[in-house]
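Residue-level listing of the chains:
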Amino acid sequence: MTPAARVAAAIEILDMIGDGTPAEQVLTRWGRGNRFAGSKDRAAIRDYVFDVQRIRRSAAWLGRAATGRGLMIGLLRRNGVDPATLFTGEGHGPAPLMDYEEALPEGEMPHEDAWNLPDWLVERFEAGLGAQAAETALALQGRAPVTLRVNTSKSDTSGAIRMLSEAEVEVVGNPLSPTALTVVSGSRRIRNSAAYLDGFVELQDASSQAVVDALPPAARVLDYCAGGGGKALAVVARGAQAVFAHDIDPSRMRDLPLRAARAEAEITQLEGSDLPTFGPYDLVLVDAPCSGSGSWRRAPEAKWRLTPAQLENTMAVQDSILDDAAKLVEQGGTLAYATCSILPEENRARVDAFIARTPGWQCVYDQTFAVSALGDGFYTAHLKQT
Ligand SMILES: C[S@@+](CC[C@H](N)C(=O)[O-])C[C@H]1O[C@@H](n2cnc3c(N)ncnc32)[C@H](O)[C@@H]1O
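Attention in this report is confined to the structure presented alongside it. (Residues numbered from 1 in each chain as written. Predicted model: local features only at pLDDT ≥ 70, side-chain atom pairs only at ≥ 80, totals over all residues. Heavy atoms only, no water.)

With that out of the way, let us pick up the nonpolar core. Residues Val7, Ile13, Ile45, Tyr48, Val49, Met72 and Phe87 are the most contacted members of the largest nonpolar core, which totals 29 residues. If you list the elements that add at least two residues to this core, you get helix H1 (3-17), helix H2 (23-33), helix H3 (39-54), helix H4 (56-63) and helix H5 (68-78). Among residues more than four places away in sequence, those in contact with Met72 are Val7, Ala10, Ile11, Leu14, Tyr48, Val52 and Phe87. Formed by 25 residues, the second largest nonpolar core is a distinct cluster that contains Phe244, Leu275, Leu328 and Tyr337. (Core = buried A, V, L, I, M, F, W, Y, C linked by side-chain atoms within 4.5 Å. Buried < 20%, exposed > 50% of the residue type's maximum accessible area, 1.4 Å probe, protein only. Helix = DSSP H or I, 4+ residues; strand = E, 2+ residues; numbered from the N terminus. Contact = heavy atoms within 4.5 Å.)

On to the environment of Phe354, then. Here Phe354 shows up in helix H18 (residues 348-357). Taking the C-alpha atoms as reference points, Phe354 and Asp323, separated by 31 residues in sequence, lie 7.4 Å from one another. Setting aside anything within four residues of it in sequence, one finds Phe354 in contact with Leu322, Asp323, Ala326, Leu335, Trp361 and Leu383.

According to the stated counting rule, one finds 23 salt bridges in the structure shown. Taking the shortest distance from any N to any O, the salt bridge between Arg57 and Asp119 comes out at 2.8 Å. A residue pair is termed long-range when its members are at least 10 positions apart, and Arg57 in helix H4 and Asp119 in helix H8 (residues 119-129) qualify at 62 residues. For Arg57, a relative accessible area of 21% puts it in the partly exposed group. Residue classification places Asp119 among the partly exposed positions, given a relative accessible area of 44%. The closest approach of N and O atoms between Asp287 and Lys231, which form a salt bridge, is 2.7 Å. With Asp287 in strand S8 (residues 281-287) and Lys231 in helix H13 (residues 230-237), this residue pair connects regions lying 56 residues apart in the sequence. In this structure, a network of salt bridges that share partners links the residues Asp47, Asp51, Arg54 and Arg143. (Salt bridge = Lys/Arg side-chain N within 4 Å of Asp/Glu carboxyl O.)

Here you go:
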C-alpha cells in the first residue's frame, strides 16, 4: 500500500470506530476484508488508529472535524506532516484537502483539547493532581514503552540480554526495577524469541515490577486479584515459599498455567471458597481493578469511555476488596494495595477510607509512580495491623 492508501484505510477504520466499536475489533474486521494489506501496512494503519485515540481532541481541533478524515488531518499536523502531501487523491489516497481543511485553526488550542481528556476528567485531574495535572495528561498522549521482566529464577540480566539479542531484540536496563529491560527495537520479535518462549523473560511494565520489588519478604503470598498472574509470577521469582493466585473471574487466570510452566514457577490457583482454608497469608496483594488511568497509553479508548458513575462504582469495589482481603492476612502480615491508576481517589483516598473504617490498621509505606518514558502510572501502599 502507498503511504496515502494507509491514511485512507485509517480514515475508514476511524469512521467505523466512530460509533464506539472497540478499535481492536474494527481493525480485525478490516484486516479480514482487505487481505491485500501486508503486515507492515496493517501495523502502520494500527499505529495511526491508536495514535489518534491517544489525542482525539487535539486531532479533531487541528483537523477541524471529529470524523476519520478530520482526525487523520489533525494527527498528521500534530506529527509535523503537511496533510496536503498525502491527501492528493492519488495512489488510493484520500481526496485532496478542501479549503476549510487547508486553513489552520485560529488561536491557541483550548487546554481541554490539548490535554486530550473528556471535560469531567480534566476537572478531576486539576482537582486531584494539582501541579502534576498537565504533565500527567500530556504524558498519557505518547506510546507506552515495551518492557520485559527478567525471570531471575531462570536467568540473570546479562544472560537474558544475550538471548534477546540473538533474536534481534535490543533492550536497555530500566532504572525503575533491577529486573526491568526496556525494549529499544525488535519488539515484534519478542513473542517468537527463545528468551520469551522458554520463560527467561516476561512482558511486564516496569512500574508494575517496581510494585512487586517494594513488597516485604514473605513466605506465603496470596495474589488476591491475580488476573493474568503477572505479579504472582514476579513474586515467585523473588523466592516466596508458596504463592496462591485468586481472581473473582477465574477465566482471567486461564493463561497462568502456561505462563507458570514456561517460567518454571509454582502457583496454586484458589477459588473464593478455598481462600480461608489455605490462609492466613503473610502477604496479601490486592492489585485492584481500577480506571486504568496510569496505563491509558496502552488502552487509550478507555479514557474516553470512563464515566463518573463507573469510577464511583470502581472505588466501591476497591473498598469491598480491601475489606475482604484484610481478613485473610496473618497477624503481623502485610496487606498490599496497588492500582495502575494516577487518580488519588482510587489510591491514597481508598487506603485512608479503609483505615478510617477498620480500626487497628495503618499505612506503613506508599508510593506513586508517574506516567513516564520508563513505565505506567501506578500506586502502591502497604498496610499493617498495629
Ligand atoms: C488490575 S487486574 C489484575 C492484574 C494482575 N494482577 C497482573 O499483574 O497481571 C484486576 C483483577 O481483579 C479482578 N477482580 C475484580 N473484582 C474482584 C474481586 N472482588 N475479587 C477478586 N478479584 C477481583 C479482575 O477480574 C481483574 O482480573
